[in-house]
Amino acid sequence: MGSNDAREVELALLRPLSRQFPSVDAAVGEIARLAAELTLPKGAVHVLSDVHGEHGKLRHVINNAAGTLRALVERQFGARLAPGDLQDFLGLIFYPAEMLDSRAAALRDPAALRGFAQRVLPLLFELVRVLSRRYGLEHVLRTFPTEYRAVLRELEFEPASVRDGRYVDAIIDTLLAHGRALHLIRLVVRVVRDLAIEEIVVAGDCFDRGPRGDRIVELLRHQPTVSVTWGNHDAAWMGACLGQEALIAHVLRISLRYRRLSQLEEGYGITMQPLERLVRTIYADDPADCFHTRGHGLRDDLTMARLHKAAAIMQFKLEGQAIARNPHWNLEHRRLLHRIDYTNGTIELDGVVYPLRDTHFPTIDPAHPYELSANERRCMDRLRQSFLTSRTLWEHMRFLVDRGAMWLARDRHLIFHGCVPVDAAGTFLSFPIDGVPLRGRALFDALTGVVVRAFEQPTDPDRDLFWYLWSGPLSPLFGKDRITTLERDLVADTATHKETKNPYFQLIHERAFCERVLAEFGVDPRDGLIVNGHVPVHLEEGESPLKRSGQAITIDGAFSEAYGDHGFTLGIDADRTFLAKHHHFDSVEAAVRDGVDIIPEVSAVREWNPIRRVADTERGAEIRAEITLLEQLVAAYRANTLRQT
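Notes on the structure follow.

Quick notes on the rules
Residues numbered from 1 in each chain as written. Predicted model: local features only at pLDDT ≥ 70, side-chain atom pairs only at ≥ 80, totals over all residues. Heavy atoms only, no water. Salt bridge = Lys/Arg side-chain N within 4 Å of Asp/Glu carboxyl O. Helix = DSSP H or I, 4+ residues; strand = E, 2+ residues; numbered from the N terminus. Pairing = 2+ DSSP bridges. Core = buried A, V, L, I, M, F, W, Y, C linked by side-chain atoms within 4.5 Å. Buried < 20%, exposed > 50% of the residue type's maximum accessible area, 1.4 Å probe, protein only. Contact = heavy atoms within 4.5 Å. Expected span 1.5 Å × (residues − 1). Arc of directions from axis to C-beta. Phe/Tyr/Trp six-rings, centres within 6.5 Å; stacked < 30°, edge-to-face > 60°. Lys NZ or Arg CZ within 6 Å of the ring centre and 35° of its normal. Patch = residues over 30% accessible without salt bridge, like charges linked within 9 Å, V, L, I, M, F, W, Y side chains within 5 Å. Areas by Shrake-Rupley, 256 points an atom, 1.4 Å probe, with all protein chains shown as cover. Lys, Arg positive; Asp, Glu negative; His and termini not counted. Charge placed at Lys NZ, Arg CZ, Asp CG, Glu CD. Axes fitted to C-alpha atoms, helices over the stretch in contact; angles between N-to-C directions. Parallel < 35°, antiparallel > 145°, perpendicular 65-115°, else oblique. Left-handed = near helix turned anticlockwise from the far one by under 90°. Nonpolar A, V, L, I, M, F, W, Y, C, P; charged D, E, K, R; others polar.

## Comments concerning the pattern of salt bridges
- Applying the stated criterion to the full structure yields 49 salt bridges.
- Glutamate 126 is the salt-bridge partner of arginine 80, the closest N and O atoms lying 2.5 Å from each other. A residue pair is termed long-range when its members are at least 10 positions apart, and arginine 80 in the loop between helix H4 (68-77) and helix H5 (83-94) and glutamate 126 in helix H7 (residues 110-132) qualify at 46 residues.
- In this structure, arginine 142 engages glutamate 138 in a salt bridge whose closest nitrogen and oxygen atoms are separated by 3.2 Å. One end of the pair is arginine 142 and the other is glutamate 138, both in helix H8 (residues 137-143) and 4 residues apart, which spans about a single turn.

Encoded structure:
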């Protein structure tokens, strides 16, 4: 490319920018604003992982900003408010709609309502002002709802003015006269919460055993800034959304096993009728003793067990088909149905023969064990159509794709769900993507590309890759040699249930290995921190989330009640990185009525002195790049190669 061509390309890049900043002064003013932003303390990033459908608890942890909002309110108002008033104010911040509903009768009196607004709004705006110190004005104004931005800006800066109290009273009285005072209070509460956390990062697994994965995603969609690193259970739901049949059967099976059908039926409008018809037709007399489900629900226990079994058998068949279609996965040894001796009721696994706990397989043809029966085929066709046509499911999965990636970095923290696949020596292992063997960061980046591509133009190989991401040995989202669903269902010997973790999970205790991983992803290996979930931390056995290397931390703290009901938030603040350990959450009703809160146990992981500023972060790198473009725009204006307007 010649110098003239290069110059034309540069001008083509600058012209859209010139429409936003049409003069030297406009561009210089923006450069000055950006330069000032670089000096601000970095905003708070909160990282959670493996929430597994526990939507009520996640909502509370977001609303209380992992306990940091309670601490701020107590510091700011503890000496000024009576304990009961302080607790009510915290309840208002955490659950404004529910708290105001509980006070509805008392607030019907106009004088009481006016007094309430006069007490609460100044307190809320004091919090807004405290939280605003870490942001530029433009960021703060973006958190204000558009309709009330002007009046909220007036209230934001009211203490700095020389106006008397009549100014604020006039605003409140006008809102009261039009019945919008409580609405404004709810909006300002949201501003407080949005300023408390600059970004929420979910390091995988919105779905699995918890009650409502659909509500997890819906909650995240209403947060101002959310990023996701996908987990293997997210990949399973993405693949099911795209029509991958083995994953449709898996999603059905896991939802049935834990009686989580509300997320399918109510959340996504996916009907169970095809599966129920299959059970009535084929499994009507089956005791399904090995397939009993957890919990309680509207359907009786025996029906649920039969539904569970029907979905599981289809899953085992369809997984065998997917493995056969993809010989490059090297998983032929995990095709298990043809290893069953249907006459003697045994199965051969890794050269050893085991008795089966269940030998009633009315839909399996021993000569063609991986083929769906005619009844199963009709059932799966209808189920697949139901998954493909669920608009809400598509919107939720599209949200996870648009906000997601296989990995991300935040201020020297490398975040991903599972592992970097390695051998026992710590050498990065390769896996073929589009026929090209890739490893390390290149593998992660290519997998991100495939996920995005699949939601634009899905193909059968790309759909199948979602199954491998869910449970394949070299999947960075899974990181085990096998998933032993069939063995756990059908074989009593627990030796067959073992799933061996990738060596990565042991090697992260070694500093030299962590430094290599950090460097591979472009994160400073000297004081970087690897952050992953996926593997639960066994707190009851004394296991620490922070590994012996000091450079890796696991934040799967069994967030869901189905796993243990603890959970972690990793907070990345300007002055420290901290780990907040959560406990059981009762209910919204208990929080509003009794002030029940999750007050986490907080421990420091890193402390920064001097504090981390925007200039030190990924956002700082973006700002410096923006300043470079703006400087080029100013130069073009001054050389008159672009005209000012």
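## Points about the sheet that holds strand E1 (residues 45-48)
- Taken in spatial order, the 7 strands make up an open sheet running E7-E3-E2-E1-E14-E15-E16, and their pairing is mixed. A single partner strand is all that each edge strand has here, and the edge strands are strand E7 (404-405) and strand E16 (601-607).
- Alignment of strand E14 (residues 568-572) against strand E15 (residues 576-581), held across 5 bridges, turns out to be antiparallel. Pairing of glycine 571 across the sheet is with phenylalanine 578, part of E15.

## Observations regarding the nonpolar core
- The biggest cluster of nonpolar side chains holds 173 residues, and the ones touching the most others in it are Phe89, Met397, Leu400 and Tyr504.
- Discounting chain neighbours no more than four positions away, the residues touching tyrosine 504 are Phe416, Gly418, Cys419, Val420, Val422, Phe513, Ile530 and Asn532.

## Brief notes about helix H2 (residues 24-37)
- The first and last C-alpha atoms of H2 sit 20 Å apart over 14 residues, in line with the 20 Å expected at 1.5 Å per residue.
- Residues of H2 that are buried: Val24, Ala27, Glu30, Ile31, Leu34 and Glu37. Projected down its long axis, H2 shows its buried positions confined to an angular sector of 150°, all on one face.

## A few points about the packing of aromatic side chains
- Inspection of every chain in the model, using the stated rule, returns 17 aromatic pairs.
- Between tryptophan 237 and tyrosine 268, the aromatic rings sit 5.9 Å apart at their centres with planes inclined by 50°, giving tilted as the arrangement. On the criterion of sequence distance, the pair formed by tryptophan 237 in helix H13 (residues 232-241) and tyrosine 268 in helix H15 (residues 261-268) is long-range, its members being 31 residues apart. For the pair shown, tryptophan 237 and tyrosine 268 are each scored as buried.
- Here a set of aromatic residues connected by ring pairs shows up, and it is made of Trp407, Phe416, Phe444, Tyr504, Phe505, Phe513 and Phe521.
- If you follow lysine 57 out to its NZ or CZ, it ends over the ring of phenylalanine 559, 5.0 Å from the centre.
- A cation sits over an aromatic face here: arginine 335 above tyrosine 370, 4.2 Å from the ring centre.

## So, the sheet that holds strand E6 (residues 352-355)
- One open sheet accounts for 3 strands, arranged E4-E5-E6; its pairing is antiparallel. Strands with a single pairing partner mark the edges of an open sheet, and in this sheet they are strand E4 (340-341) and E6.
- In this structure, strand E5 (residues 346-349) lies alongside E6, joined through 4 bridges in antiparallel fashion. Looking at the pairing, threonine 346 lines up with proline 355 of E6.

## Describing helix H19 (residues 391-402)
- With 12 residues, H19 should cover 16 Å at 1.5 Å per step; its first-to-last C-alpha distance of 16 Å lies within 8% of that length.
- Listing the buried residues of H19 in full gives Leu393, His396, Met397, Arg398, Phe399, Leu400 and Val401.

## What about the environment of alanine 150?
- The residue alanine 150 is located in helix H9 (residues 149-156) in this model.
- Alanine 150 gets classed as exposed once you look at its relative accessible area, which sits at 59%.
- In the structure, alanine 150 is positioned 16 residues away from arginine 166 in sequence and 18 Å away in space, judged by C-alpha atoms.

## Quick look at a positive patch on the surface
- Taken together, Arg277, Arg280, Arg378 and Arg382 make up a surface patch of like positive charges.
- Breaking the positive patch down by element, the ones donating at least two residues are helix H16 (273-282) and helix H18 (374-388).
- Along the chain, arginine 280 turns up in helix H16.
- For arginine 280, a relative accessible area of 57% corresponds to the exposed category.

## A closer look at the environment of threonine 343
- You can see threonine 343 is positioned in the loop between E4 and E5.
- We classify threonine 343 as exposed; its relative accessible area is 73%.
- Expressed as a C-alpha distance, the spacing of threonine 343 and alanine 512, which sit 169 residues apart in the sequence, is 54 Å.

## Some details on the pairing of strand E2 (residues 199-202)
- Neither face of E2 is open: one carries Glu199 and Val201, the other Ile200 and Val202, and all of them are buried.
- Bridge count between E1 and E2: 4 bridges; the pairing is parallel. Residue valine 45 lies in a different strand from E2, and its bridge partner there is glutamate 199.
- Pairing of E2 with strand E3 (residues 226-229) involves 3 bridges; the strand directions are parallel. In the sheet register, isoleucine 200 faces E3, and the bridge partner there is valine 226.

## Regarding the side chain of histidine 250
- Inspection of the secondary structure assignment puts histidine 250 in helix H14 (residues 245-257).
- We classify histidine 250 as buried; its relative accessible area is 3%.
- If near-sequence neighbours (up to four positions away) are discounted, histidine 250 is found in contact with His233, Ala236, Gln315 and Trp470.

## So, the packing of H16 against H18
- Orientation of H16 relative to H18, taken along the N-to-C sense of each, is 165°, at an axis distance of 8 Å. In terms of their interaxial angle, H16 and H18 are classed as roughly antiparallel. For the element pair H16 and H18, the recorded crossing hand is left-handed. Residue-level inspection shows Gln273, Pro274, Leu275, Leu278, Thr281 and Ile282 of H16 in contact with H18, the latter providing Asn375, Glu376, Cys379, Arg382 and Leu383.
- Grouping the constituent residues of the contact of H16 with H18 by class yields 6 nonpolar, 3 polar and 2 charged.

## So, unusual backbone geometry
- Omega for the bond connecting asparagine 609 with proline 610 falls within 30 degrees of zero, at 10°, which places this linkage in the cis form.
- A positive phi angle, near 55°, is found at aspartate 50, a position not held by glycine.
- If you trace the backbone, aspartate 50 turns up in the loop between E1 and helix H3 (55-63).
- A relative accessible area of 1% places aspartate 50 in the buried class.

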